[in-house]
Amino acid sequence: MEFRTPSYFALAALIDGPLHGYGIVRRAGELSGGAVHLSTGTLYALLERAIKEGLVVAGEPYVQGGRERRDYRLTADGRGALEAESMRLSEAARTVATRLRATSKPVVA
Amino acid sequence: MNRERIIRVALRSYPRDVRVSTGSEMLGTLLDSTSAESNALLARELVDLVRRGLSARATSTARVGARRLIADGLCYGGILLMAELVYVRVGAYVAGGQSAAGPGGMWEAGLLMAGLVLALIGYDRVGAICALSCFAVVTGVHWRAFAQSGSILLPDIIILIVCFAPMLIAPRRRRPDIRRLAWLVVIAALGAVFYAQRGGLVTLFLPPVIVALPFALALLPTDPRLAIACSLVAAFVGLAGLAQTLQNGPSTVGIPLTILVLMATPLVLCIAAARTRSIQRRDPA
């Protein structure tokens, strides 16, 4: 299963434990070094898909600071899918890096 | 309008079931995400939210299935036609008394009104029985008068049957809700317009355009049902205009308007059919 970058970082945000929607937005931003900003519409669309595919489970709603929250947790299948995707990405990165090194020319001053 | 209210309005782009299950949570997340940020970010978030909401609506429409979508569109068409026929008859009666209400008289309007009330609440089958029996009796009794005056055409009858028969055979699946009778206020207002204008094709044509067409166009990208309904009503009105032109002779307003309406009908139906197919492709039931 291949993930798009926002989905990859949204799921990766849940590796350390369950988080609510805004927690996922913040953690995904941190993990990607600020490269990924999940908008609310995108976040809930991809969470809905991940729940349907059994990668994430949603907890019961609760109120915190006057706002309704719900924690999302990565399932074993979700963890497995993330591991497979990270392996695929690192393999792809390694292949490209190797080719770049092999074909690099010395810089002439 | 404050930030929370704006977000609530944007959330209305989502289908009702999504709003009920995650609407409050999305609101909280969006308020947190944009609390310390600029208005530009809020605007971007809102645009994305509406885009995703419309996409969710299209997906939920697609799950209904193409046949159901078309049947629902025809049922909506039946209700719109009933509403139109009721307000025209009531308006004509108020404006000109019994003679102006047509050969069917007020009992016809009463039967149509009963059908409309029942269909609005959610009893499509009983509503359709009222409407069909009304037209069967009126057409049977006054056939000669209609034929002589040219006030009704065969295609008009076909459109009525095309709209009312699905209400009988494949009614919409919705729970009865008495609150939908609030639409009668709109119909009463249209009756008042008809009364003020004292009839004519423009009066027959404008109210449905003002009330239903903006909704139909707004919903077309995600739900073609109302557009299907409006196109059938437009065809009915166009044919009524044709009958009026045949009866009273050509007029400068009548003929262009009739041609416009009759040309718009197949166009809207084609767009609605294409949209139904495209929605169906994205998430087949």
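Conventions used here
- Residues numbered from 1 in each chain as written.
- Chains lettered and ligands numbered in written order.
- Predicted model: local features only at pLDDT ≥ 70, side-chain atom pairs only at ≥ 80, totals over all residues.
- Heavy atoms only, no water.
- Helix = DSSP H or I, 4+ residues; strand = E, 2+ residues; numbered from the N terminus.
- Buried < 20%, exposed > 50% of the residue type's maximum accessible area, 1.4 Å probe, protein only.
- Contact = heavy atoms within 4.5 Å.
- Areas by Shrake-Rupley, 256 points an atom, 1.4 Å probe, with all protein chains shown as cover.
- Buried area = accessible area lost by both parts, 1.4 Å probe.
- Salt bridge = Lys/Arg side-chain N within 4 Å of Asp/Glu carboxyl O.
- Nonpolar A, V, L, I, M, F, W, Y, C, P; charged D, E, K, R; others polar.
- Axes fitted to C-alpha atoms, helices over the stretch in contact; angles between N-to-C directions.
- Parallel < 35°, antiparallel > 145°, perpendicular 65-115°, else oblique.
- Patch = residues over 30% accessible without salt bridge, like charges linked within 9 Å, V, L, I, M, F, W, Y side chains within 5 Å.
- Pairing = 2+ DSSP bridges.
- pLDDT = per-residue confidence, 0-100.
- Phe/Tyr/Trp six-rings, centres within 6.5 Å; stacked < 30°, edge-to-face > 60°.
- Core = buried A, V, L, I, M, F, W, Y, C linked by side-chain atoms within 4.5 Å.

(A) Local environment of the overall build of chain A. Regarding its fold elements, chain A presents four helices and two strands. In chain A, buried positions account for 37% of the 109 residues. Partitioning the contacts of chain A with sequence separation of at least 6, the portion at a separation of at least 24 is 46%. For chain A, the accessible area works out to roughly 6700 Å², and carbon and sulfur atoms hold 55% of it.

(B) Examining the interface of chain A and chain B more closely. On the chain B side, the residues contacting the 18 residues of chain A number 18 residues. Around 1600 Å² of area is buried between chain A and chain B when both sides are counted, 47% of it from carbon and sulfur atoms. The largest contributions to the chain A side of the interface with chain B come from A:Thr40, A:Tyr44 and A:Arg67, which together make up 34% of the buried area. Summed over the shared surface of chain A and chain B, the number is three salt bridges. B:Glu25 is the salt-bridge partner of A:Arg70, the closest N and O atoms lying 3.0 Å from each other. Secondary-structure elements contributing two or more residues to the side of chain A that touches chain B are α2 (21-31), α3 (40-52) and β2 (67-74) of chain A. Top contributing element to the side of chain A that touches chain B by residue count: α3(A), with seven residues. Grouping the constituent residues of the side of chain A that touches chain B by class yields seven nonpolar, six polar and five charged.

(C) Molecular detail of the packing of helix α1 (residues 3-11) of chain B against helix α3 (residues 39-62) of chain B. All names here are of chain B. The contact between α1 and α3 brings their axes to 9 Å, and the two run at 20°. One element, α1, and the other, α3, form an angle in the roughly parallel class. In contact with Arg3, Ile6, Ile7, Ala10 and Leu11 of α1, α3 contributes Asn39, Leu42, Leu46, Leu49 and Val50. A class-by-class count of the residues in the contact of α1 with α3 yields eight nonpolar, one polar and one charged.

(D) Seen up close, a nonpolar patch on the surface. Together, B:Ile129, B:Leu168 and B:Ile169 give the surface a local cluster of nonpolar side chains, amounting to about 280 Å² of exposed area. Relative to the assigned elements, B:Ile169 resides in helix α8 (residues 154-169).

(E) Looking closely at the packing of helix α1 (residues 5-12) of chain A against α2(A). Residues and elements named next belong to chain A. In contact at an axis separation of 8 Å, α1 and α2 are set at 110° when each is read in the N-to-C sense. The orientation of α1 relative to α2 falls into the category roughly perpendicular. In this structure, α1 uses Phe9, Ala10 and Ala12 to contact α2, whose residues at the interface are Ile24, Ala28 and Leu31. Residue composition of the contact of α1 with α2, grouped by class: six nonpolar, no polar and no charged.

(F) Broad picture of the pairing of β2(A). Residues and elements named next belong to chain A. When strand β1 (residues 56-64) meets β2, the two strands line up antiparallel, connected through seven bridges. Its bridge partner lying in β2, Val63 is registered against Glu68. The antiparallel pairing of β1 with β2 creates a hairpin that spans two residues between the two strands, and Gly65 there sits at a positive phi of about 60°.

(G) The confidence of the model for chain B, seen in detail. The pLDDT averaged across chain B works out to 77; a share of 73% of its residues lies at or above 70. Our summary of model confidence lists the complex with pTM equal to 0.70 and ipTM equal to 0.86.

(H) Examining the packing of aromatic side chains more closely. One pass over the structure, following the stated rule, counts one aromatic pair over all chains. With 5.5 Å between their ring centres and 75° between their planes, A:Tyr8 and A:Phe9 make a pair best called edge-to-face.

(I) Focus on α2(A). Taken as a whole, α2(A) has its buried residues at A:Gly21, A:Gly23, A:Ile24, A:Val25, A:Ala28 and A:Gly29. If you follow the buried residues of α2(A), they end up packed against α1, α3 and β2 of chain A together with α2 (16-34) of chain B. Once α2(A) ends, the next one or two residues include A:Gly33, with phi positive near 65°.

(J) Seen up close, the nonpolar core. Formed by 41 residues in total, the largest nonpolar core has its most connected members in B:Met82, B:Leu112, B:Leu116 and B:Met167. Mapped onto this core, the elements with two or more residues apiece are α4 (66-96), α5 (105-121), α6 (124-141), α8, α9 (183-197), α10 (201-219) and α11 (225-248) of chain B. Grouped together as the second largest cluster of nonpolar side chains are 34 residues, A:Tyr44, A:Leu82, B:Leu31 and B:Leu49 included.

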